[in-house]
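# Close look at the chain arrangement
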Amino acid sequence: MRKLELHWQILIGMVAGILFGFVMTFPSWGPSAVQDWINPFGTIFVKLLKLIAIPLILASLVKGISDLKDISKFKKIGLRTIGIYIFTTVIAISIGLILVNVLKPGEGISEDTIAKLTETYASDAGVTSKLEEASRQKDSGPLQFLEDMVPDNAFGALSDNSLMLQVIFFTIFLGISMLLIGEKRSKPLKKFFDSLNDVVLKMVDLIMLTAPVAVFALLANVVVSSGDPDLLVALLKYALVVVLGLALMIVFYCIVVATYTKKNPFWFLKQISPAQLLAFSTSSSAATLPVTMERVEEHIGVDKEVSSFVLPVGATINMDGTSLYQGVAAVFIAQALGFDLTLGAQLIIVLTALLASIGSAAVPGAGMVMLVIVLESINFPSDKLAIGLALIFAVDRPLDMCRTIVNVTGDATVSMVVAKSVGKLGEPHVEEWDDYLDEVKTTKS
């Protein structure tokens, strides 16, 4: 019997998780049972992915840089990567602003719905924590993100997944230094990182064996803890505008893939689909990074020299889906609360969302913090910030899941474009978890 491909296995797990979660919302004991006995399996899966994220970045980025014979190639890859990420983010924000101004979802929200949402969520711990974090980020200096990028303790940075930019900085510094001491002197260290890279990629393969069960657990928990269905329905128009914008962004990526890399966009989506499905389930670009790297390198054919830099950087600074959501959410809140936005204010939204995306953490809920910063940039009344967040808090998690798909797809698209531009887009070379099993089996005497 032919084995189902990974993306079908994950999709079945997702559908089963959603249906199971829906059924378990009816009995009074259902939600607590899911959270106590089902959700831990999803949490363990996400922890495993986060466990190997930093070792994978360290090993693959050092390997990618040290494999370069000409250091100028790294400069070319770096500049193109940053430039393309900025361009796609501007496109994403523009799509969001056009849609929200044309469809005007905020004008359909009644006063009763606003009052109910405010009463339910304005004092919620999730909302207040986002306001506090945004206030802390706003008080920092204009070059704080550069200061935060440089670690004062390499081991401290390597032990904290939220310090991804510091890890990337240290790893690039290490890789370039290895290049500068010559191939002979750096060979022992290079062999260590080459071997570590192979081991971590094998760990990705093993973790992915549990992916269908994990996404079942994660989505079952999301469904049983989704909140008041009436409030979700009231925000349906807003949610649909965001989803439409995200879908258009996926179409934009497909057009770029088809026209520039000359690859079939449907083939591209099929190869990256396991990473997309995990992005939806985990709401975290960082947690999905190991899978994204494995799919892009082995299933699409992007050379490690490119993917090892483009993808970790993308997981940290490329927030196309989140930036699009920023634009829609900011204008939606303004429409619902009667706050007039001029063209100049909307241009400020574009610039602020672009800058905020660079320093945003690749974790669930980071978009809400960015949104507060965006709203404050257009002089939105501070006494209404909590109300504004309360308006969208009910649907933030499902939309966070959707926009993470776009973030991950954008990372994969840019890696293909950069690889094509430097002649590093080759043929796929797929490895399975048991490829080397014969080498470790002991023969009977």
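Bear in mind the structure is a predicted one, so any value in this text is a computation, not a measurement.

Attention now goes to the overall build of the protein chain. Along the backbone of the protein chain there are 22 helices and 0 strands. Taking the principal axes of its C-alpha atoms as reference, the protein chain extends roughly 75 × 50 × 45 Å. Looking at the protein chain as a whole, 51% of its 445 residues qualify as buried. Across the protein chain, the fraction of contacts at a sequence separation of at least 24, relative to all contacts at a separation of at least 6, is 85%. Taken as a whole, the protein chain presents about 20500 Å² of accessible surface, with 65% of it coming from carbon and sulfur. Taken as two groups, the 34 positive and 41 negative side-chain charges of the protein chain have centres that lie 9 Å from each other.

One can describe the packing of helix H10 (residues 183–208) onto helix H15 (residues 285–300) by two numbers: an axis separation of 10 Å at closest approach and a directional angle of 105°. Classed by the angle they form, the pair H10 and H15 counts as roughly perpendicular. Residue-level inspection shows Leu201, Val204, Asp205 and Met208 of H10 in contact with H15, the latter providing Pro290, Val291, Glu294 and Glu297. Classifying every residue of the contact of H10 with H15 by side-chain character gives 5 nonpolar, no polar and 3 charged.

What follows concerns the state of the cysteines. Here the structure, examined in full by the defined rule, presents 0 disulfides. In this structure Cys254 is not part of a disulfide, and its nearest cysteine sulfur, from Cys402, lies 16 Å away.

Residues Tyr238, Leu371 and Ile392 are the most contacted members of the largest nonpolar core, which totals 60 residues. For Leu371, the contacting residues outside a window of four places in its chain are Tyr325, Gln326, Ala329, Ala330, Ile333, Leu389 and Ile392. Met14, Ile168, Ile300 and Leu311 belong to the second-largest nonpolar core, a separate cluster that totals 59 residues.

With that settled, consider unusual backbone geometry. Phi angles above zero are rare outside glycine, and Lys262 is one such case at about 65°. Its location among the elements puts Lys262 in the loop between helix H13 (236–261) and helix H14 (265–282). With a phi close to 60°, Ser283 is a non-glycine residue in the positive phi region. Among the secondary structure elements, Ser283 is positioned in the loop between H14 and H15. In this structure Ser283 comes out as buried when scored by relative accessible area, which is 2%.

To continue, consider helix H5 (residues 111–121). Turning to H5, its buried residues are Thr113, Ile114, Leu117 and Tyr121. Take H5 and look down its axis: the buried residues cluster within an arc of 100°, on one side only. Facing away from the buried side of H5 by more than 90 degrees, the exposed set consists of Glu111, Asp112 and Glu119.

Attention now moves to H13. Between its terminal C-alpha atoms H13 stretches 37 Å, which fits the 38 Å expected from 26 residues at 1.5 Å a residue. One or two residues past the end of H13 sits Lys262, with phi positive at roughly 65°.

So, on to the confidence of the model for the protein chain. Residue-level pLDDT values for the protein chain average 87, and 94% of them are 70 or greater. Averaged pLDDT values over the elements of the protein chain bottom out at 73 in helix H22 (residues 437–440) and peak at 96 in H13.

Going through the model one piece at a time under the given rule, you end up with 10 aromatic pairs. Between Phe252 and Tyr253, the ring centres sit 6.1 Å apart and the planes meet at 55°, which makes this aromatic pair tilted. Side by side, Phe252 and Tyr253 carry an identical accessibility label, which is buried. For the pair Phe339 and Phe380, a centre-to-centre distance of 5.3 Å together with 70° between the ring planes defines the contact as edge-to-face. You can see Phe339 sitting in the loop between helix H17 (320–336) and helix H18 (343–359) and its partner Phe380 sitting in the loop between helix H19 (366–377) and helix H20 (385–393), a full 41 residues away along the chain. You can call Phe339 partly exposed: its relative accessible area is 24%. Relative accessible area serves as the criterion here: at 5%, Phe380 is assigned to the buried category. An aromatic cluster of three or more residues is present, and its members are Phe87, Phe252 and Tyr253. One Lys or Arg, Arg403, reaches over the ring of Tyr325 and ends 3.7 Å from the middle of that ring.

So, about the pattern of salt bridges. Evaluation of the coordinates by the stated rule reveals 8 salt bridges. The shortest N-O distance in the salt bridge between Lys190 and Asp194 comes to 3.0 Å. With Lys190 and Asp194 both in helix H10 and 4 residues apart, the pair spans about one turn of that helix. Across this residue pair, the class does not change: Lys190 and Asp194 are buried.

Here we come to the environment of Ala33. Along the polypeptide, Ala33 turns up in helix H2 (residues 30–37). Not counting residues within four places of it along the chain, the set of residues in contact with Ala33 comprises Met24 and Ile38.

Scoring rules and cut-offs
Residues numbered from 1 in each chain as written. Predicted model: local features only at pLDDT ≥ 70, side-chain atom pairs only at ≥ 80, totals over all residues. Heavy atoms only, no water. Helix = DSSP H or I, 4+ residues; strand = E, 2+ residues; numbered from the N terminus. Buried < 20%, exposed > 50% of the residue type's maximum accessible area, 1.4 Å probe, protein only. Contact = heavy atoms within 4.5 Å. Areas by Shrake-Rupley, 256 points an atom, 1.4 Å probe, with all protein chains shown as cover. Lys, Arg positive; Asp, Glu negative; His and termini not counted. Charge placed at Lys NZ, Arg CZ, Asp CG, Glu CD. Axes fitted to C-alpha atoms, helices over the stretch in contact; angles between N-to-C directions. Parallel < 35°, antiparallel > 145°, perpendicular 65-115°, else oblique. Nonpolar A, V, L, I, M, F, W, Y, C, P; charged D, E, K, R; others polar. Disulfide = S-S within 2.5 Å. Core = buried A, V, L, I, M, F, W, Y, C linked by side-chain atoms within 4.5 Å. Arc of directions from axis to C-beta. Expected span 1.5 Å × (residues − 1). pLDDT = per-residue confidence, 0-100. Phe/Tyr/Trp six-rings, centres within 6.5 Å; stacked < 30°, edge-to-face > 60°. Lys NZ or Arg CZ within 6 Å of the ring centre and 35° of its normal. Salt bridge = Lys/Arg side-chain N within 4 Å of Asp/Glu carboxyl O.

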